[in-house]
Amino acid sequence: MFEEKLLATIATSFTKEIIKEFKEVFNDVYDEFSQYIGKDVKAYLDKNKNKYSYIKTLLRGNTPTYLYEVYYPISLSHERKTYSTNSVSELLKKTQYITIIGDAGSGKSTLTKHLFLNSIVEKRNIPILVELRYLNDSSQDFEQFVRNIITMNKINQNSVILERLLENGKFTFFLDGYDEIDQKTKKRTINSLNNFINKYTKNNFI
């Protein structure tokens with residue numbers, strides 16, 4: 001399938017584009033930045049491209065199915081206007097912050113995976129998919145949790161470079177499963193998420 005072949009080759013060109021795009025931001029540490037990003041981001045994209053390209057369905061049980069074999073494009077509506085979800089870049093043209101509301105089982109998580117993969121195809125920032133339900137069993141606030149995801153995925157081990165990426169809005173954060181956060185965790189999560197957004201205002205949040 002075309003999409004699968006495209007995703008298989010896109011990570012390399014993504015890292016080349018991101019190194020070129022961020023040159024002015026990291027002028028003083030550009031060589032070190034290129035070394036970190038060139039290797040680490042490509043590995044991260046390859047790993048998560050594979051992770052989110054396959055989903056489990058009721059029909060096929062535990063057998064993973066390629067997402068675009070079953071994915072049906074849906075639209076979002078707001079104030080009587082309809083918005084296509086074919087392009088994450090188009091969705092984020094008017095606002096950096098999008099909240100997708102729908103009933104349980106309406107396809108929010110599948111749509112999130114599609115938008116994550118689409119952001120790789122479109123080479124739009126560094127996509128980070130945060131599964132919020134894991135905060136239920138964590139003592140970390142949202143910022144600590146996100147930084148831990150970035151560290152665990154070895155996206156960047158240099159704190160100075162990471163801080164500069166965050167300050168310059170070089171991430172798109174996909175926050176999935178808000179309705180799976182339990183009540184005792186929800187208030188703390190909302191407060192720490194708002195603090196993170198207010199601290200790093202140039203990033204995108206879906």
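Structure first, text after, so check above.
All figures in this text were calculated on a predicted structure; none of them were measured in a lab.

> What is the right way to look at the overall build of the chain in this model?
Within the chain, the secondary structure is distributed over 8 helices and 7 strands. Looking at the chain as a whole, 45% of its 206 residues qualify as buried. Long-range contacts, defined here as pairs at least 24 residues apart, represent 70% of the contacts in the chain between residues at least 6 apart.

> Sorry if this is basic, but what is going on with the sheet that holds strand β6 (residues 171-176) here?
Pairing between sheet strands relies on hydrogen bonds along the backbone, with the strands arranged either parallel or antiparallel. The sheet built from 3 strands is open, its strands ordered β5-β6-β7 with parallel pairing. Of all strands in the sheet, those with a lone pairing partner are β5 (126-131) and β7 (204-205), marking the two edges. Two strands pair when backbone bridges link them, and β5 and β6 are joined in this way by 6 bridges, in the parallel orientation. Across the sheet, residue Pro-127 finds its bridge partner in β6, namely Thr-172.

> Just to check I follow, could you spell out the pairing of strand β4 (residues 81-84) for this structure?
When strand β3 (residues 75-78) meets β4, the two strands line up antiparallel, connected through 4 bridges. Bridging from a neighbouring strand, Ser-77 pairs with Thr-82 of β4. Where β3 hands over to β4, the hairpin turn is made up of 2 residues, of which Glu-79 adopts a positive phi near 50 degrees.

> Explain the packing of aromatic side chains here, please?
In this description, a pair of aromatic rings is defined by centroid distance and the angle of the planes. Enumeration according to the criterion identifies 12 aromatic pairs in this entry. Ring centres 6.1 Å apart and planes at 90 degrees place the aromatic pair Phe-196 and Phe-205 in the edge-to-face group. Exposure class is identical for Phe-196 and Phe-205. Each is buried. By way of ring pairs, the aromatic residues Tyr-97, Phe-142, Phe-171, Phe-173, Phe-196, Tyr-200 and Phe-205 are connected into one cluster.

> I keep staring at the packing of helix α6 (residues 142-152) against helix α8 (residues 183-199) and nothing clicks. Help me out?
Interaxial distance between α6 and α8 falls to 8 Å at its minimum, and their mutual angle equals 70 degrees. Taken together, the axes of α6 and α8 are roughly perpendicular relative to one another. Residues Phe-142, Glu-143 and Val-146 of α6 pack against Ser-192, Leu-193, Phe-196 and Lys-199 of α8. Here the residues of the contact of α6 with α8 sort into 4 nonpolar, 1 polar and 2 charged.

> I tried to follow the pattern of salt bridges on my own but got confused; where do I start?
Pairing of side chains with opposite charge becomes possible as their charged atoms draw close. On inspection of all chains with the given rule, the structure shows 6 salt bridges. Residue Arg-133 pairs with Glu-131 through a salt bridge whose shortest N-O separation is 3.0 Å. For Glu-131, a relative accessible area of 16% translates into the label buried. Taken together, the salt bridges that share partners define one network made up of Glu-143, Arg-147, Glu-163 and Lys-199.

> Sorry, what's going on with the pairing of β5 here?
One face of the sheet, then the other: side chains in a regular strand alternate in exactly this way. For β5, a buried count of 6 out of 6 residues is recorded, marking the element as mostly surrounded by other parts of the structure. Burial along β5 is two-sided: Ile-126, Ile-128 and Val-130 and Pro-127, Leu-129 and Glu-131, pointing in opposite directions, are all buried.

> What is the right way to look at the environment of Leu-115 in this model?
Secondary-structure assignment places Leu-115 in helix α5 (residues 108-121). Here Leu-115 falls in the buried class, since its relative accessible area comes to 0%. Considered as a pair, Leu-115 and Leu-91 are 24 residues apart in the sequence and their alpha carbons are 9.8 Å apart. With near-sequence residues (within four places) excluded, Leu-115 lies in contact with Thr-85, Val-88, Leu-91, Ile-100, Phe-174 and Ile-206.

> I keep staring at unusual backbone geometry and nothing clicks. Help me out?
The bulk of non-glycine residues show a negative phi, and the bulk of peptide bonds are trans. Even without being a glycine, Glu-79 presents a positive backbone phi close to 50 degrees. With respect to the secondary-structure elements, Glu-79 resides in the loop between β3 and β4. The backbone phi angle of Arg-80 is positive, close to 65 degrees, even though this residue is not glycine. Here Arg-80 is to be found in the loop between β3 and β4.

Here is what the cut-offs are and how they apply
- Residues numbered from 1 in each chain as written.
- Predicted model: local features only at pLDDT ≥ 70, side-chain atom pairs only at ≥ 80, totals over all residues.
- Heavy atoms only, no water.
- Helix = DSSP H or I, 4+ residues; strand = E, 2+ residues; numbered from the N terminus.
- Buried < 20%, exposed > 50% of the residue type's maximum accessible area, 1.4 Å probe, protein only.
- Contact = heavy atoms within 4.5 Å.
- Pairing = 2+ DSSP bridges.
- Phe/Tyr/Trp six-rings, centres within 6.5 Å; stacked < 30°, edge-to-face > 60°.
- Axes fitted to C-alpha atoms, helices over the stretch in contact; angles between N-to-C directions.
- Parallel < 35°, antiparallel > 145°, perpendicular 65-115°, else oblique.
- Nonpolar A, V, L, I, M, F, W, Y, C, P; charged D, E, K, R; others polar.
- Salt bridge = Lys/Arg side-chain N within 4 Å of Asp/Glu carboxyl O.

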